[in-house]
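Observations on chain architecture
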Amino acid sequence: MKLEVTNSPFNQEQVELLNRVLPLLTEAQRIWLSGYLTALQGSAAAVTPVPAPLAALPANEAVVSKEVTVLFGSQTGNSQGLAKKLSKKLEERSFQVSLSSMADFKPNSLKKVQNLLIVVSTHGEGEPPDNAIAFYEFLYSKRAPQLEGTQFSVLALGDTSYEFFCQTGKDFDKRLEELGARRLTPRVDCDVDFEEPAAEWMNRVLESLSGASAAPAVASAAGAAVVSGTETEYSRSNPFHAEVLENLNLNGRGSERETRHVELSLEGSNLQYEPGDSLGIYPENHPRLVDELIEAMGWKAEEPVAINKNGEERPLREALLRNYEITVLTKPLLEQAAKLTSNQELKKLLEAGREQELRAYLNGRDLLDLVQDYSLKGVPAGEFVSILRKMPARLYSIASSPKAYPGEVHLTVRAVRYEAHGRNRYGVCSVQLAERVQPGDTLPVYIQHNPNFKLPENPDTPIIMIGPGTGVAPFRAFLGEREEIGAEGKTWLFYGDQHFSTDFLYQIEWQRWLKEGVLTRMDVAFSRDTDKKVYVQHRMLEKSRDLYQWLQEGACVYVCGDEKKMAHDVHAALITILEKEGGLGPEEAAEYLTRMQQQKRYQRDVY
């Protein structure tokens, strides 16, 4: 309803102002303003409140449905955890919540959904996580229904160091709008440090769904509960300092690789995990890189700088060591850095049409490169660190069964070292573990539960495990668990690395499990021991008849390791095996694997 002097108590100037402002307000802002005006009215002692007649409500103000569907697409468990938290908050507000993985949601029921909330991560190079693929494809198919009666909001998780940041969330947001659905609140895109923006998104969603009847004070209190919910145990935001019990190099003398087996104590933490989960470690930057950066910028190491929005301060060197990421460059970082300097070359790099040049510059460079290449010396330390990302945790697949090693957690970590742009580079956490962590030291850690990479509930189910290199880590946990519970199901491991003599990780343990029957079969591929490079997918194709027979018997397939090449090659090998041994066409074979994913018989932990 457009305001006029004739249909309102306002004069012409007020009407013009209100008609300019009101259409620009979000639903949450209108709700807040409504409550604010009500509170003002109630606080005026000389004014007797007069209930507004029903006819005064806008004609298009719909009654808010109390039924909410929350769907998540998650690869490592972050989106699922946030979706559960959101569902709990909604239930506390008396909403009827349906929480589901996108893989378990029946797409045909989408048209009936009035309130749809999506929490989804982006995997690889802008791809949906495994358990979101089928729903994503449905939405972009001709079978997708018109959704004029649906209101929605999307929380997207991603990493700004990837070119297609939060792409899956952006795709869902765009497609739902195309299908006629209306945004309840704007989409929020989260970087690796997602807690605060996710909490803010939840608050806005809760306020919008609660409707205009909620007083501002109530909405504010409920929102505060989302943001500041107290942690009763160690978690991502409150890591446990675990003592290092053992730190060994698994590779033999002469190997080109260094792979650390790290054992940590969880005593006193009450942290629980299952095989398939990951451990998050908050690492420290290399002291040499930190010192070189401070020198290049002309800063003082002891200068206090803020490390969070609450104003907590630490000496600059300590903050750069532990609190801020300095080894990865992202486009948002360069955009912020350009605002702090008059350097025109940096501004030109960010201009439209130079995306390929920018992409090439970001690849393999760090903060020291940026400040040296674009002469950023002179920018105050406090201003500069304010644009840096917080140090993200590094996730590693857990290589132990808690039943086999109570109170401990084991990791298998390969040290990453390489040369780029005239300097030696290295993985922040992996090289810290390889060079600067000794037994007796402590590391800040937390458990990252991964419900999308779990042993089958029935221990008699056969399992096929494909994990070259450090990708074998969770399968050490799987077999340790199966040994402890006395599982009867068959097990088959495909493992690969460079050389049999120096790179056969956990060789003695696999041989023992083979001898004792815990591991039924094992096929290995050592790519540098033969003239022609042989990888795990080649061994799978060689054993295609037996592998197909295991699939027909209901075996679950697990893949862990490199996502960019290995996981794609393994997937292609499975398609080939289904075509060759099962007589399926390409589309039928792809559908077969999709059904396996939906049945949780094909699970991947890839990175």
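Up top is the structure.
Predicted model only: the values in this text are computed from it and were never measured.

1. A word on the overall build of the chain
For the chain, the helix and strand inventory stands at 22 helices and 21 strands. Split into buried and exposed, the 607 residues of the chain put 49% on the buried side. At a minimum sequence separation of 6, the contacts of the chain that also span at least 24 residues come to 75%. As displayed, the chain offers around 30000 Å² of accessible surface, 50% of which is attributable to carbon and sulfur atoms.

2. Considerations on the sheet that holds strand β16 (residues 442-448)
With antiparallel pairing, the 6 strands of this open sheet are ordered in space as β12-β9-β16-β7-β8-β13. Here the strands that pair on one side only, and so sit at the sheet edges, are β12 (394-397) and β13 (408-414). Going across the sheet, the axis of each strand differs from the next one's by a mean of 40°, ignoring polarity. Relative to β16, strand β9 (residues 278-281) is paired through 4 bridges, and the arrangement is antiparallel. Bridge pairing in β16 places G280 opposite Y446. Sheet strands touched by helix α15 (residues 428-435): β7 (240-249), β8 (259-265), β9, β12, β13 and β16. Its angle to β12, the strand with the most contacts, is close to 70°.

3. Quick word on the pattern of salt bridges
With the rule as written, the count across this model stands at 42 salt bridges. E163 is the salt-bridge partner of R359, the closest N and O atoms lying 2.9 Å from each other. Here E163 lies in the loop between β4 (151-157) and α5 (167-178) and R359 lies in helix α12 (residues 355-362), a separation of 196 residues in the sequence. Take E163: its relative accessible area is 46%, and that puts it in the partly exposed class. Connected through shared salt-bridge partners, D173, E177, R183, R187 and D189 make up one network.

4. Re the packing of helix α16 (residues 473-485) against helix α18 (residues 507-516)
α18 packs onto α16 with a crossing angle of 35° between their chain directions and a minimal axis gap of 12 Å. Every pair of crossing elements has a handedness; the one defined by α16 and α18 is left-handed. The segment α16 lies against α18, with F475, R476, L479, G480 and E483 engaging E509, W510, R512, W513 and E516. When its residues are assigned to classes, the contact of α16 with α18 shows 4 nonpolar, 1 polar and 5 charged.

5. Description of the pairing of β13
Taking burial as the measure, the 7 residues of β13 include 6 buried ones, the bulk of the element. Across 7 bridges, the pairing between β8 and β13 is antiparallel. Note that in β13 the partner of T259 across the bridge is R414.

6. Quick word on empty space enclosed by the protein
Per the stated rule, a full pass over the model turns up 1 cavity of 30 Å³ or more. Its volume calculated, the largest cavity comes out at about 50 Å³. Along the lines of polarity and charge, the residues of the lining of the largest cavity split into 3 nonpolar, 1 polar and 2 charged.

7. Notes on the sheet that holds strand β18 (residues 491-497)
Pairing is parallel in the open sheet, where 5 strands are placed in the order β19-β18-β17-β20-β21. Strand pairing shows two members of the sheet lacking a second neighbour, β19 (521-526) and β21 (602-606), which therefore form its edges. Across this sheet, the average inter-strand angle for adjacent strands is 10°, counted without regard to direction. Both strand β17 (residues 463-466) and strand β20 (residues 556-561) contribute to a ladder of 4 bridges, which runs parallel.

8. Re the nonpolar core
By size, the foremost hydrophobic cluster in this structure holds 39 residues, and its most contacted members are L320, L334, L370 and L388. Elements that contribute at least two residues to this core include exactly α8 (287-297), α9 (316-322), α10 (331-339), α11 (344-349), α12, α13 (367-373) and α14 (381-385). Among the elements that take part in this core, α8 stands out by supplying 5 residues, more than any other. Sequence-distant contacts of L320, defined by excluding residues within four places in its chain, comprise N285, V290, L293, I294, W299, I326, V385 and L388. Formed by 27 residues, the second largest nonpolar core is a distinct cluster that contains V559, I575, A589 and M596.

9. Remarks on unusual backbone geometry
The phi dihedral of N270 falls on the positive side, at around 60°, and the residue is not glycine. Relative to the assigned elements, N270 resides in the loop between β8 and β9. If you check the backbone angles, K600 has positive phi at about 60° while not being a glycine. For K600, the location among the structural elements is in the loop between α22 (586-598) and β21. K600 sits in the partly exposed class, given a relative accessible area of 40%.

Parameters at a glance
- Residues numbered from 1 in each chain as written.
- Predicted model: local features only at pLDDT ≥ 70, side-chain atom pairs only at ≥ 80, totals over all residues.
- Heavy atoms only, no water.
- Helix = DSSP H or I, 4+ residues; strand = E, 2+ residues; numbered from the N terminus.
- Buried < 20%, exposed > 50% of the residue type's maximum accessible area, 1.4 Å probe, protein only.
- Contact = heavy atoms within 4.5 Å.
- Areas by Shrake-Rupley, 256 points an atom, 1.4 Å probe, with all protein chains shown as cover.
- Pairing = 2+ DSSP bridges.
- Axes fitted to C-alpha atoms, helices over the stretch in contact; angles between N-to-C directions.
- Salt bridge = Lys/Arg side-chain N within 4 Å of Asp/Glu carboxyl O.
- Left-handed = near helix turned anticlockwise from the far one by under 90°.
- Nonpolar A, V, L, I, M, F, W, Y, C, P; charged D, E, K, R; others polar.
- 1 Å grid on protein atoms, 1.4 Å probe; cavity = no way out; pocket = protein on both sides within 12 Å on 5 of 7 lines; lining within 4 Å.
- Points joined across faces, edges and corners; volume = space filled by probe spheres on them.
- Core = buried A, V, L, I, M, F, W, Y, C linked by side-chain atoms within 4.5 Å.

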